[in-house]
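Next come the chains, spelled out residue by residue.
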Amino acid sequence: QVQLVESGGGLVQAGGSLRLSCAASGLTFSMYAMGWFRQAPGKEREFVAAISWIGGVKIYADSVKGRFTISRDNVKNTRYLQMNSLKPEDTAIYYCAGDTSGNALSRGTSEYEYWGQGTQVTVSS
């Protein structure tokens, strides 16, 4: 089992920045990748970014490329999502998710077995 706990959400004005953290515990040696997803009211959960657990390979959604950066701290078993130039349309609950399948970095929610509880990000205009 892997436990994931997000933190760092909040309210920010458009153009501002936030950094989300996702701390992993438990059987982290089984992790292949960690992803960030978000879900706005009335919308489906969508992919934001992902990073391979060991090699640090990264992928991003087109909507956040150039504004968001995913990173890792292997000592702390923590992954981060630095969000800059935030827009009102970035408002959502942000979730981190863990993938232990070991196949390839994925943008699909079904590939991730473990999920955090989510953290709210609100961007005001």
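Residues numbered from 1 in each chain as written. Predicted model: local features only at pLDDT ≥ 70, side-chain atom pairs only at ≥ 80, totals over all residues. Heavy atoms only, no water.

With respect to the pattern of salt bridges
A side chain of one charge can pair with a side chain of the opposite charge when the charged atoms of the two come close. What the rule picks out here adds up to four salt bridges. As a salt-bridge pair, Asp90 and Arg67 come within 2.7 Å of each other at their nearest N and O atoms. Here the residue Asp90 occupies a position in the loop between strand E8 (78-83) and strand E9 (92-99), and Arg67 occupies one in the loop between strand E6 (58-60) and strand E7 (68-73), the gap between them amounting to 23 residues. Arg67 shares its class with Asp90; the two are buried. (Salt bridge = Lys/Arg side-chain N within 4 Å of Asp/Glu carboxyl O. Helix = DSSP H or I, 4+ residues; strand = E, 2+ residues; numbered from the N terminus. Buried < 20%, exposed > 50% of the residue type's maximum accessible area, 1.4 Å probe, protein only.)

Section: the sheet that holds E8
The four strands are arranged E1-E3-E8-E7 in an open sheet whose pairing can be described as antiparallel. Both edges of this open sheet fall to strand E1 (2-7) and E7, since each of them pairs with a single strand only. Across the sheet, the mean angle separating the axes of adjacent strands is 20 degrees when strand polarity is ignored. Sheet analysis places strand E3 (residues 18-26) next to E8, joined by six bridges and oriented antiparallel. (Pairing = 2+ DSSP bridges. Axes fitted to C-alpha atoms, helices over the stretch in contact; angles between N-to-C directions.)

Some words on the state of the cysteines
One pass over the full model with this rule turns up one disulfide. Residue Cys22 pairs covalently with Cys96 via a disulfide, S to S 2.0 Å. What sets the handedness of the Cys22 and Cys96 disulfide is the S-S torsion sign, and at about 60 degrees it is right-handed. Of the two residues, Cys22 is situated in strand E3 and Cys96 in strand E9; the sequence distance between them amounts to 74 residues. Taken individually, Cys22 and Cys96 each receive the classification buried, so the pair is uniform in this respect. (Disulfide = S-S within 2.5 Å.)

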